[in-house]
Amino acid sequence: MNTPPTPFHDIASALAGEGWCVVPDFLSAAQTRALADDCRALRDAQRLTPARVGGLRTATPLRSDSTHWFQADALSAPQQVFVDRLDALRVTLNRELMLGLVECESHYAVYPPGGSYTRHLDRLRDSDARVLSAVFYLNEAWRVADGGALRLYLANGSSHDIFPHAGTLLLFLSAQFEHEVLPARRERMSIACWMRQRALAPTF
Ligand code: OGA
Ligand code: MN
């Protein structure tokens, strides 16, 4: 079944209220599949790199994904479609919420079966540039039994699990929501993005 795309205005309202929201069908099934194929091709060409945490220089047991950063001057056609739509959302959010988001950064992430990312906050220790986190999922026919939910910890002490279904976009305020990636039984692909404000000078 196809649900109509969520208008950007509704996304802005949800973020203003709750600080997070889930958007089904952010792209069409064909656009999402093209991104999944693109991600798999990079994985097969060994162009993914084991992810790092903060300033650590070695791969870490805190997260088990491998990533590939989008490069603004060398986007594939599917990446360009995604970046354009995310940028249109960024412009709407700036207009409706006055967030001052100046740019987006994005990377593919592939978690092997059993992979996870421990509970964390996306704000880097020495920078307040990341305002809004966005995670877009690329996994067709994902079942609850496959695991791999993103567990978002809410202010009231409860949590909410979001499964990585193809076409789903999760948005949350980077400074406010701790979250973790639970282990999955299947390979799990996503695009992790951050909408950034002009950072204040770091205070060490
Ligand atoms: C991250 C992250 C979540 C996901 O990369 O910081 O939390 O569901 N990713 O892939
Ligand atoms: Mn994160």
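Residues numbered from 1 in each chain as written. Chains lettered and ligands numbered in written order. Predicted model: local features only at pLDDT ≥ 70, side-chain atom pairs only at ≥ 80, totals over all residues. Heavy atoms only, no water.

The strand order across the open sheet formed by 7 strands is β1-β9-β6-β11-β4-β3-β2, and the pairing between neighbours is antiparallel. Whereas interior strands pair on both sides, the edge strands pair on one side only; in this sheet they are β1 (20–23) and β2 (49–50). Where strand β3 (residues 66–69) and strand β4 (residues 101–111) come together, 4 bridges link them in antiparallel fashion. Considered in β4, the bridge of His68 is made with Tyr108. (Pairing = 2+ DSSP bridges. Helix = DSSP H or I, 4+ residues; strand = E, 2+ residues; numbered from the N terminus.)

A few words on the sheet that holds strand β8 (residues 159–162). One open sheet holds the 4 strands; their spatial order is β5-β10-β7-β8, and the pairing between them is antiparallel. At either end of the open sheet lies a strand with only one pairing partner, and these are β5 (117–120) and β8. With strand direction ignored, the average angle separating the axes of adjacent strands in the sheet is 15°. Where strand β7 (residues 150–153) and β8 come together, 4 bridges link them in antiparallel fashion. Each residue of the ladder has a partner; that of Tyr153, found in β8, is Ser159. (Axes fitted to C-alpha atoms, helices over the stretch in contact; angles between N-to-C directions.)

The next subject is the site of ligand 1. Taken together, 13 residues are adjacent to ligand 1, and Asp122, Tyr137, His179, Arg188 and Ser190 come closest. At 3.2 Å from an oxygen atom of ligand 1 is found a side-chain nitrogen or oxygen belonging to Asp122. With the chains in place, 98% of the 300 Å² that ligand 1 exposes on its own is no longer accessible. More than half of the atoms of ligand 1 fall within 2 Å of the grid points belonging to the largest pocket. Listed by contribution, the elements that provide at least two residues to the shell around ligand 1 are β5, β6 (130–137), β10 (179–181) and β11 (188–197). (Near = heavy atom within 4 Å. Polar contact = N/O pair within 3.5 Å; in protein donor to acceptor, adjacent residues only side chain to side chain. Areas by Shrake-Rupley, 256 points an atom, 1.4 Å probe, with all protein chains shown as cover. 1 Å grid on protein atoms, 1.4 Å probe; cavity = no way out; pocket = protein on both sides within 12 Å on 5 of 7 lines; lining within 4 Å. Sits in = over half its atoms within 2 Å of the grid points.)

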